[in-house]
Amino acid sequence: MKICVLGAGSLGSAMGAALAEAGSDVWLVTRNRAHVDAINDRGLRVRTDDGERTVRVAAAVDCAGLAPVDLVIVLVKSFDTRKAIEAAGPVIGRDTAVMSLQNGLGHEEVLGAVVGRQRLLAGRTYVGGQILAPGTVLAGTRGKETIIGELDGRITDRVRAIADEFNRAGLATTVSGNIMGTIWDKLLVNVATGALAGITRLPYGRLYAVPEVEAAAVDLDRHLPSASTASRVLGVYAEETPVTGRVHSRGELPADGSLLAVRLPAPRQMSDKVLGTG
């Protein structure tokens, strides 16, 4: 399968490396020129608990000159979604599927307005990554769940093919008939802890190790009828209780939450999408 990872930062590099190593034809696209140059010069160095290895994969700072692919995986920051997909025209052919694995709400509407809703799939992943240096990524993929699905809940040949490609790469992936419910599940996790991670600069795991924080998160679930009501009005039904989702995420989310990762290097925030406040 030909795949373009649009927004190949920490997570995109980790997932792209796994796919490329398993035989997918992958392009990593990121505006980080130093990262692109290092990957093209010497390969992408991937560090895991098992050590470090080098994965040969192509990288570019934009989509200009690239050929159409089978799948575009969107992993840019929320505030860059429209600009990125508008510039991705060269890789989008007649049958190209576009799948967002971004955190938060609203990405599908932005993407659909540009490429058409019929192309879209959505997903959520608990894979983790961290750029250690240009051309070097710390990857947490083993045992980290990825859930993908068609927006209308159908189990189609294309979503099965994408799941097969991911699983072949060691990215544990399941197909959901209720992917929008999965998106709401993770939203509630981020509402409970994402902002606190951004403020304190502590990762989710360390925050949940504090009994008072976990108790407050559980108590928050009991006082979020508006979120549950909103999801039902939109025809979205969560697949797991928020408490279950939070326990799941404590073991599976990357070391740095999305807001923490964006707060450290960048002046712009994406709390409106990750926390559903925009």
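See the structure printed just above.
Structural notes, computed from the coordinates. (Residues numbered from 1 in each chain as written. Predicted model: local features only at pLDDT ≥ 70, side-chain atom pairs only at ≥ 80, totals over all residues. Heavy atoms only, no water.)

1. Digging into the sheet that holds strand β10 (residues 136-140)
Convention followed: Only strands that DSSP links by at least two bridges are regarded as paired with each other. In this description a helix means any DSSP run of H or I spanning at least four residues, a strand means any run of E spanning at least two, and both kinds are numbered starting from the N terminus. The axes are straight lines fitted to the C-alpha atoms, using for helices just the contacting stretch, and the angles between their N-to-C directions are given from 0 to 180°. Every residue pair with non-hydrogen atoms within 4.5 Å of one another is taken to be in contact.
Taken together, the 4 strands give an open sheet; going across it, the order is β4-β3-β10-β9, and neighbouring strands pair in mixed fashion. Lying at the two open borders of the sheet, with one neighbouring strand each, are β4 (51-55) and β9 (128-133). Adjacent strand axes in the sheet meet at a mean angle of 30 degrees when their direction is disregarded. Examined bridge by bridge, β9 and β10 share 5 bridges and lie antiparallel to one another. For I131, the partnering residue across the bridge sits in β10 and is V137. Strand contacts of helix α1 (residues 10-21): β3 (44-48), β4, β9 and β10, with the helix running at about 100 degrees to β9, the strand carrying the most contacts. The sheet strands contacting helix α2 (residues 33-42) are β3, β4, β9 and β10, and the helix crosses β3 at an angle near 95 degrees.

2. Some remarks on the pairing of β3
Put simply, the rule is: Between buried and exposed lies partly exposed: a residue is buried under 20% and exposed over 50% of the maximum accessible area for its type, with that area taken using a 1.4 Å probe on protein chains only.
Side chains L44, V46 and T48 of β3 all project onto a buried face; the interleaved residues R45 and R47 project onto a face where none is buried. Taken together, the 5 bridges between β3 and β4 define a ladder with antiparallel strand orientation. Paired with R47 across the strands is E52, a residue of β4. Where β3 hands over to β4, the hairpin turn is made up of 2 residues, counted between the paired strands. Direction of pairing for β3 relative to β10: parallel, over a ladder of 3 bridges. Residue pairing across strands places V46 opposite V137, the latter belonging to β10.

3. A short note on helix α4 (residues 107-115)
Those residues of α4 not exposed but buried are H107, E108, V110, L111, G112 and V115. Backbone geometry just after α4 places G116 at a positive phi near 95 degrees.

4. Things to note about the pattern of salt bridges
Pairing of side chains with opposite charge becomes possible as their charged atoms draw close. The following threshold applies: Any Lys or Arg side-chain nitrogen located within 4 Å of an Asp or Glu carboxyl oxygen qualifies as a salt bridge.
For the structure on display, the rule yields 10 salt bridges. Salt-bridge contacts for E150 lead to R158; the nearest nitrogen and oxygen are separated by 2.8 Å. On the basis of relative accessibility, which here comes to 3%, the residue E150 falls in the buried class. Among the residues examined, R158 registers a relative accessible area of 28% and is labelled partly exposed. Between R154 and D152 there is a salt bridge; the shortest N-O distance is 2.6 Å.

5. Describing the environment of H35
Within the secondary structure, H35 is located in helix α2. Those residues in contact with H35 that sit more than four places away from it in its chain are A8, S13, T30, L44, I131, A133, P134, G135 and T136.

6. Topic: the sheet that holds strand β7 (residues 92-100)
Strand pairing in a sheet relies on backbone hydrogen bonds, with the paired strands running either antiparallel or parallel. The mixed open sheet is built from 8 strands, whose spatial order is β5-β2-β1-β6-β7-β8-β11-β12. Each edge of the sheet is formed by a strand with only one pairing partner; in this case those strands are β5 (58-60) and β12 (173-175). This sheet shows a mean twist of 25 degrees between the axes of neighbouring strands, independent of strand direction. Sheet topology note: the strand β1 (residues 2-6)/strand β2 (residues 25-29) ladder contains 5 bridges and is parallel. Bridging across to β2, L6 finds its partner in V29. Across the sheet, α1 lies against β1, β2, β6 (69-74), β8 (120-125) and β11 (146-150), angled at about 165 degrees from β2, the strand it touches most. Running at roughly 155 degrees to β5, α2 makes contact with β2 and β5 of the sheet.

7. Comments concerning the state of the cysteines
Test applied: Disulfide assignment relies on a single distance test, namely cysteine sulfur atoms paired within 2.5 Å.
By the definition in use, this model includes 0 disulfides. The structure places no disulfide on C4, whose sulfur is separated from the nearest cysteine sulfur, that of C63, by 4.4 Å. Exposure remark for C4: the relative accessible area of 1% places this residue in the buried category. A residue is classified by how much of its surface remains accessible, and C63, at 2% relative accessible area, is buried.

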